[in-house]
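# Structural overview for review
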Amino acid sequence: MKLTSPESPLCGRAEERSRLAAVTKSGVGHSKGGVVVGASGLGKTRLLAAAAADAKLDGAVVLSGSCLDVGDSWPLHPLREAAEQIRTDYGDLAAVERLVEQLESRAPDEPNADIVAAAHIELAKLSCSKKLVLIIDDLQWVDSSTIRLVRTLLSGLTKGSLSFLGGLRTDLHNPANSSRLLVEFHSSPVVEVIELEPLDEPATRELARSVSDRPISPQRSQQLWRRSGGVPMLIKALASHDNTETENLRSIRVVLASRINELTKPARDLLRVASLGVGPVDHEVAKTVLALTDDQLLQAAREAVAEGILRAVGSGYSPVHDLFREIIHNSMIEPERILLHRRIAESIESGSRQDDSDPVELAHHWAGANDGKRALPSFIKAARDATREGAFIEAWQRWQSVTTILSASSSNQADDADLLADDAELLADAAEAAHIAEEHVASLYLAEWAEKVEPDPGRQLKLRFARSRYLAGGGKLEVAETICSQIFDDPQTGPSLAVEAGAQSADLLTRLGRYEAAVERATATIERTRNKDADEVAKLLATSALGYSKACLGDPESARQDLADALKRAVHNGSPSLIEAASRNYADLLMGPLNELEAGVALAEKQAQFLVDNGGEQRFTTSLLATATTGLFRLGRWQDACRAATAALESDPTGAGVIDLLLGRVRVVIGLGDFEAADRDLRTASSLLGSDPNPRHDLPLSTLRAGLAMWRHDIDTARQEIGSVIERADSQNIDDPLLLAPLVWHGLRAEALAPTPDVGWAFKLFVTMTDIRDESSLKNTDQANLLQSYFLLCAGELDRTLEQSRPGVWNKAAQAWDECGHPYPAAYARMHQAEAMFSERTRNSKAEAVLRSAYQSVDRLGAEPLAAQIRGLAKRARIDLDRSTGPADNQPEIPETKGKMAELTAREHEIIAELSQGLSNREIGERLYISGRTVGVHVSNILAKLGAKTRVEAAAVYVRETTNPSI
């Protein structure tokens, strides 16, 4: 009896199938996901196949593929696999044809083009014209590019009608990846996780009857259910076995192994070969390895296929299920596996289609044969292919295999100068891949290793320069600049490298705030480019550093001319990357030292449109729109900033700047009071980042979460968020002051708002902020001014926590933020300055003027939550903010009431409203900025007028008559 095919009836899964159908019917602009999770053999793949059939009947375009147990070796493999069949199913759709071309392209026109962005563009276009369902099975082995694409598609940033379905196995020996993804999917608001359970007895009986094509007695049905544990794959194996009644089969692996052992030797041998492949093992390869004729191999394949253990895929063979692969693999002894891997690799290399062979597959087999030397060329080719495709994380993973092989064999190559030189080049490429993947420690280690083994002095200098770039990327600016200066001054340095090192040195000096040295270095570098074919990127970097430093030193017009000329040269060159960099640098100059924010925003927007009109990649447009968004935010044009951020996100939701744009938009919408929109963007950013975000995004994300929680009066959540992220920052030794400063301020703000603040924790946070300011290497720069501004805010928050009143601290904070060009925190500081002045019983025009100034600022910004706080403060201080000039009426409006409440004065109405909340005389006085003794006099008058004996009775009268004044 044969095992059933994957098309066997789907029994006992009606509810799960219905839930997946609901996911695929999601409307336009509401991408949803459904992930089926469970152990092997429970029918995840079969359920996904049924969902695919349902979606096709509903008119959807369905793209499906599976991940392979090779991790990041094959970027976007599920989509590549889908490309094999979508031409046949949907060949009349131009969007599908473009998608296939993108996936099959091994060498995009633009170097380092991002393969994920290219795939997303085509999928997004397709989802706008047709309902699209993307199905990816075996997510436990998903590669970095594919999961990044899935996160983007589910982020809500992709327009169109799109759904994602996936299968995730949870019973692996190493469950780390499965667990991480499961947590991520469970936390996603748009993903429904469907956990498959074993079948019950009725479903077991139904499946067994369909498999065996004969009636199933109740006794046999119960026995099948008990022995199979309700696992569909085991039910099918047991039901199709003639001797089930007498066998004592306890595990699914035993059952399946018995089915394999019943095959003939050629069929079992074919299964062994097929189980070792990355993907399907080619027919010709299997024939050579097994020394069989075509007829013999086909007969063996038919036998294994008929038993439901093997499947034919194109011109190759693969086990139908991972459990079969594992069972076959584990049945072989180690020498047998090594020998078969070697034979497969040799067959691939000697075959007629050697040039078409996948380097990942060849590297896999040579590595399985424990032959690193033979595996090395394939790993190198696979790494370079990934780099060319823009799959940088995958490239780094492959380079790691290269460096592991080099490390193992380095002792044998010590006397061979040629091999050392080759090794140095490979190590340099690996270091660059690590740098792009933001693995800074690895990039430095590899660069130092490459420099050590490189025999040529000229190439040693190039490696040293690369190391300086990696140091800068890791935040070690001083050390990086020292290396660049040494290379620039070294007489052995060639002209081209000298220009690159000089430009990098000038840029680092600018970032360090050493503007005079930066001008000198940039000028000397530009001089070396005269009449030489110097790198345009280096020229641009040097010119930008020169212009920015000149502006900081008080020569704005010269700086403007330098960067305007650089932009003209970039446009003449025609390179989109150069145009983007020159435009961004010029805009940064305008919005920074020149303080021409409007001009900077206009330039960024104009150049973004220029790139669009001239076919530039969307990632360059996104970068410039992000720059424009920053300028609009600082200008106080918050609505325009939101529109610019939204346009940028719609332009390219896969680029590296997307998270920054989302977090930037969150800052605006929180300030505007759209807390729901802020919450959506925070969830989207969290989804895109995955479960292990880098600190550059993790800290701002948590800071904004805490800020949103505080505006929603959820102080406990804010404090927990701050405490958690500070603990993570400490454990990772994060020392970036511009990431830590706003985080610490939010921590102190939360303590100031807490009903019972932790004074010890508040002092610790303030000491941390003091250290951040004092230990920062950013001196005499805009960044240093920002740190001082945050420090003053923290000092004010500490005063609030300690219930102290120092208006001068808040005044200094407001002035500091004014100088930085940030109106919102300046207004926030002025509100608390006025509050501190009122708490000192100040009743002069200066306090009122400070509060009016804060209100006017936030009113222009549209910052409604802060405006509401200011209005509340003004009401308690009896200030009429709607009056343009002159003092407010000392008597606030008396609310309309009847009965005894009508006898109270306006001030007494204010006091009984606070009294009804259970506040003491002192607390009421602090809120209304009068003394506790004065409150006591008013309370006595209130009790007399209301005929109440106690404060509780008075409060009851207030609640009754204000809740229902007609009584």
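Quantities reported herein were computed from a predicted structural model and do not represent experimental measurements.

Before going further, it helps to spend a moment on the overall build of the protein chain. What the protein chain contains, in helices and strands, is 46 helices and eight strands. A burial count over the protein chain gives 53% of its 967 residues as buried. The contacts of the protein chain with a sequence gap of at least 6 include a subset with a gap of at least 24, amounting to 66%.

So, on to the pattern of salt bridges. Oppositely charged side chains may form a pair once their charged atoms are brought near each other. Tallying each qualifying case throughout the model produces 45 salt bridges. Here Glu 481 ties to Arg 521 by a salt bridge, and the two come within 3.8 Å at their closest N and O atoms. Pair noted here: Glu 481 is in helix α23 (residues 477-489) and Arg 521 is in helix α25 (residues 515-528), with a separation of 40 residues, a long-range link. With a relative accessible area of 5%, Glu 481 lands in the buried category. Under the relative-accessibility criterion, Arg 521 is labelled buried at 16%. In this structure, Arg 560 and Glu 596 form a salt bridge, with 2.6 Å as the shortest nitrogen-oxygen distance. Here the residue Arg 560 occupies a position in helix α27 (residues 556-573), and Glu 596 occupies one in the loop between α28 (576-591) and α29 (597-613), the gap between them amounting to 36 residues.

It is worth spelling out the side chain of Glu 751 at this point. Positionally, Glu 751 belongs in helix α36 (residues 737-753). We classify Glu 751 as buried; its relative accessible area is 2%. Only 2.9 Å separates the side chain of Glu 751 from the side chain of Arg 719, close enough to count as a polar contact. In this structure, Glu 751 is in contact with Arg 719, Pro 757, Asp 758, Trp 761, Ala 762 and Thr 801, ignoring residues within four places of it in sequence.

Taken together, five strands build an open sheet; the order of strands is β2-β3-β4-β1-β5 and the sheet is parallel. Of all the strands in the sheet, just β2 (61-66) and β5 (191-195) have a single pairing partner and so form its edges. Strand-to-strand twist across the sheet, computed as the mean angle between neighbouring axes with direction ignored, equals 15°. Direction of pairing for strand β1 (residues 32-38) relative to β5: parallel, over a ladder of five bridges. Following the sheet pairing, Val 36 is matched in β5 by Ile 194.

Here we come to the sheet that holds strand β7 (residues 310-313). Sheet architecture is open: three strands sit in the order β6-β8-β7, paired in antiparallel fashion. Only two strands of the sheet have a single partner each, and these edge strands are β6 (281-282) and β7. Where β6 and strand β8 (residues 316-319) come together, two bridges link them in antiparallel fashion. Note on β8: the bridge partner recorded for Asp 282 is Gly 316. Across the face of the sheet, helix α12 (residues 265-275) comes into contact with β6, β7 and β8 while running at roughly 85° to β8.

On to the pairing of β8, then. Residues Gly 316 and Ser 318 line one face of β8 and the alternating positions Tyr 317 and Pro 319 line the opposite face, and both faces are buried. In this structure, β7 lies alongside β8, joined through four bridges in antiparallel fashion. By the bridge assignment, Val 313 is partnered in β8 with Gly 316. Two successive antiparallel strands, β7 and β8, enclose a turn made up of two residues, where Gly 314 displays a positive phi of approximately 60°.

By the definition in use, this model includes eight aromatic pairs. Judged by centre distance (5.4 Å) and plane angle (5°), the rings of Phe 633 and Trp 638 are stacked. Through a chain of ring-to-ring contacts, three or more aromatic side chains come together here, namely Trp 745, Tyr 790, Trp 810, Trp 817 and Tyr 828. Seen from the ring of Trp 745, Arg 749 lies directly overhead, with NZ or CZ sitting 6.0 Å from the centre. Lying across the ring of Phe 791, Arg 773 places its NZ or CZ 3.7 Å from the centre.

This brings us to the packing of helix α24 (residues 495-511) against helix α26 (residues 536-552). Relative to each other, α24 and α26 sit at 30°, their axes nearing to 8 Å. As the angle between them shows, α24 and α26 are arranged roughly parallel. Taken as a pair, α24 and α26 cross one another with a handedness that is left-handed. Contacts between α24 and α26 involve Val 499, Glu 500, Ala 503, Gln 504, Ala 506, Asp 507 and Thr 510 from the former and Ala 538, Leu 541, Ala 542, Ala 545, Tyr 548 and Ser 549 from the latter.

So, about the environment of Ser 378. Following the sequence through the fold, Ser 378 ends up in helix α18 (residues 372-389). For the pair Ser 378 and Pro 359, spaced 19 residues apart in sequence, the C-alpha to C-alpha distance is 4.7 Å.

Turning next to the environment of Cys 794. Structurally, Cys 794 can be placed in helix α38 (residues 782-801). Excluding residues that lie within four positions of it along the chain, Cys 794 makes contacts with Val 744, Trp 745, Leu 748, Phe 766 and Met 769.

Taking 1.5 Å as the rise per residue, α24 with 17 residues should run 24 Å; its terminal C-alpha atoms sit 24 Å apart, in good agreement. Buried residues dominate α24, accounting for 13 of its 17 residues. Backbone geometry just downstream of α24 places Gly 513 in the positive-phi region, at approximately 80°.

Moving on to the packing of α24 against α25. With their axes 8 Å apart at the nearest point, α24 and α25 run at an angle of 160° to one another. Taken together, the axis directions place α24 and α25 in an arrangement best described as roughly antiparallel. As α24 runs across α25, the sense of the crossing is left-handed. Of α25, the residues touching α24 (which contributes Ala 498, Val 499, Gly 502, Ala 503, Ser 505, Ala 506, Leu 509 and Thr 510) are Tyr 515, Ala 517, Ala 518, Arg 521, Ala 522, Thr 525 and Arg 528. In the contact of α24 with α25, the residues fall into nine nonpolar, four polar and two charged.

Moving on, we get to the confidence of the model for the protein chain. Looking at the protein chain as a whole, the pLDDT averages 81, with 84% of positions reaching at least 70. Under a pLDDT of 50 for its full length, residues 106-112 has, in the predicted model, 16 contacts with residues more than four places off or in other chains. Counting interchain partners and residues more than four positions distant, the pLDDT-below-50 stretch residues 885-892 has 15 contacts.

All right, on to helix α41 (residues 845-861) then. Over its 17 residues, α41 extends 24 Å from the first C-alpha to the last, a length consistent with the 24 Å expected when each residue adds 1.5 Å. Of the positions making up α41, those classed as buried are Ala 847, Glu 848, Val 850, Leu 851, Arg 852, Ala 854, Tyr 855, Ser 857, Val 858 and Leu 861. Gly 862, located one to two residues past α41, shows a positive phi value of around 80°.

The rules behind these values
- Residues numbered from 1 in each chain as written.
- Predicted model: local features only at pLDDT ≥ 70, side-chain atom pairs only at ≥ 80, totals over all residues.
- Heavy atoms only, no water.
- Helix = DSSP H or I, 4+ residues; strand = E, 2+ residues; numbered from the N terminus.
- Buried < 20%, exposed > 50% of the residue type's maximum accessible area, 1.4 Å probe, protein only.
- Contact = heavy atoms within 4.5 Å.
- Salt bridge = Lys/Arg side-chain N within 4 Å of Asp/Glu carboxyl O.
- Polar contact = N/O pair within 3.5 Å; in protein donor to acceptor, adjacent residues only side chain to side chain.
- Pairing = 2+ DSSP bridges.
- Axes fitted to C-alpha atoms, helices over the stretch in contact; angles between N-to-C directions.
- Phe/Tyr/Trp six-rings, centres within 6.5 Å; stacked < 30°, edge-to-face > 60°.
- Lys NZ or Arg CZ within 6 Å of the ring centre and 35° of its normal.
- Parallel < 35°, antiparallel > 145°, perpendicular 65-115°, else oblique.
- Left-handed = near helix turned anticlockwise from the far one by under 90°.
- Expected span 1.5 Å × (residues − 1).
- Nonpolar A, V, L, I, M, F, W, Y, C, P; charged D, E, K, R; others polar.
- pLDDT = per-residue confidence, 0-100.

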